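Residue-level structural notes
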Amino acid sequence: MKSYRKELWFHVPERMGFINITEQVRECLRDSRIQEGFVLVNAMHITASVFINDDEEGLHQDYIKWLEQMAPHEPISHYQHNNTGEDNGDAHIKRQIMGREVVVAITEGALDFGPWEQIFYGEFDGCRDKRVLIKIIGE
């Protein structure tokens, strides 16, 4: 069995946003030369997410609106976590809702996706550099 590891870095200039990282994951898969196995893609920060869905702008705007309704950024005093001097209690909750990671099967050297599936990095406390881990195992 072979393994491959790479970190991708992202900087979202807004507090919340989504980046389609499917092509970067495919590039890692090509570099790994693994034909059968699995790829793990996970956010290495507790205020960011990795998820799979459709790459459709309306859906992304719906996510932003829904997440902000579920865990609004303000008032900052609403979150006990922010009593530590932080202002990102909402971002921790948004990450929990959207998830930490995805695992995708690799078949014949390709991501084994449904017709509209794409991998996204979700940022909920932006304006700084953050990492995503790509770990591929297989043969």
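Just so we're clear, the structure is a prediction, and the values are computed from it rather than from any experiment. (Residues numbered from 1 in each chain as written. Predicted model: local features only at pLDDT ≥ 70, side-chain atom pairs only at ≥ 80, totals over all residues. Heavy atoms only, no water.)

1. Here's the deal with the sheet that holds strand E4 (residues 48-53)
- Pairing within the open sheet is antiparallel, and its three strands lie in the order E2-E7-E4. Lying at the two open borders of the sheet, with one neighbouring strand each, are strand E2 (17-20) and E4. Averaged over all neighbouring strand pairs, the angle between strand axes comes to 30°, with direction disregarded.
- Taken together, the four bridges between E2 and strand E7 (residues 118-123) define a ladder with antiparallel strand orientation. (Pairing = 2+ DSSP bridges. Helix = DSSP H or I, 4+ residues; strand = E, 2+ residues; numbered from the N terminus. Axes fitted to C-alpha atoms, helices over the stretch in contact; angles between N-to-C directions.)

2. Quick notes on the pattern of salt bridges
- Within this structure, the stated rule accounts for 10 salt bridges.
- Put simply, Arg15 and Asp90 hold a salt bridge, and the shortest N to O gap is 2.9 Å. Highlighted residues: Arg15 in the loop between strand E1 (2-11) and E2 and Asp90 in helix H3 (residues 89-98), separated in sequence by 75 residues.
- Given the relative accessible area of 0%, Asp90 is considered buried.
- Residue Asp90 pairs with Lys94 through a salt bridge whose shortest N-O separation is 2.7 Å. Here the residue Asp90 and the residue Lys94 both occupy positions in helix H3, the gap between them amounting to four residues, near one helical turn.
- For Lys94, a relative accessible area of 1% puts it in the buried group.
- Overlapping salt bridges, with partners in common, bring together Arg15, Glu68, Asp90, Lys94, Asp125 and Arg128 in one network. (Salt bridge = Lys/Arg side-chain N within 4 Å of Asp/Glu carboxyl O. Buried < 20%, exposed > 50% of the residue type's maximum accessible area, 1.4 Å probe, protein only.)

3. Points about the packing of aromatic side chains
- For the structure shown, the criterion picks out six aromatic pairs.
- Ring centres of Phe10 and Tyr121 lie 5.1 Å apart, and the angle between their planes is 20°; on these two criteria the pair is classed as stacked. You can see Phe10 sitting in strand E1 and its partner Tyr121 sitting in strand E7, a full 111 residues away along the chain. Each member of the pair, Phe10 as well as Tyr121, carries the same accessibility label: buried.
- The interplanar angle of 75° and the centroid separation of 5.5 Å between the aromatic rings of Phe51 and Tyr63 together place this pair among those described as edge-to-face. Here Phe51 is found in strand E4, whereas its partner Tyr63 is found in helix H2 (residues 57-70), with 12 residues between them in sequence.
- Of the residues examined, Phe51 reaches a relative accessible area of 6% and is grouped as buried. (Phe/Tyr/Trp six-rings, centres within 6.5 Å; stacked < 30°, edge-to-face > 60°.)

4. Section: helix H1 (residues 22-32)
- Residues Thr22, Val25, Cys28, Leu29 and Ser32 constitute the buried set of H1. An end-on view of H1 places all buried positions within 120° of arc, on one side of the element. (Arc of directions from axis to C-beta.)

5. Comments concerning a nonpolar patch on the surface
- A contiguous nonpolar patch, built from Met1, Phe38, Val103 and Ile137 and spanning about 450 Å² of accessible area, is present on the exposed surface.
- Along the chain, Val103 falls in strand E5 (residues 101-107). (Patch = residues over 30% accessible without salt bridge, like charges linked within 9 Å, V, L, I, M, F, W, Y side chains within 5 Å. Areas by Shrake-Rupley, 256 points an atom, 1.4 Å probe, with all protein chains shown as cover.)

6. Brief notes about the sheet that holds strand E6 (residues 110-111)
- The strand order E1-E8-E3-E5-E6 describes an open sheet built from five strands, whose pairing is antiparallel. The sheet is open, and its two edges are formed by E1 and E6, each paired on a single side.
- Bridging between strand E3 (residues 37-43) and E5 involves six bridges; their strand directions are antiparallel. The residue of E5 that forms the bridge with Leu40 is Val103.
- Against the sheet, H1 touches E1, E3, E5, E6 and strand E8 (129-138), its axis set at about 150° to E1. (Contact = heavy atoms within 4.5 Å.)

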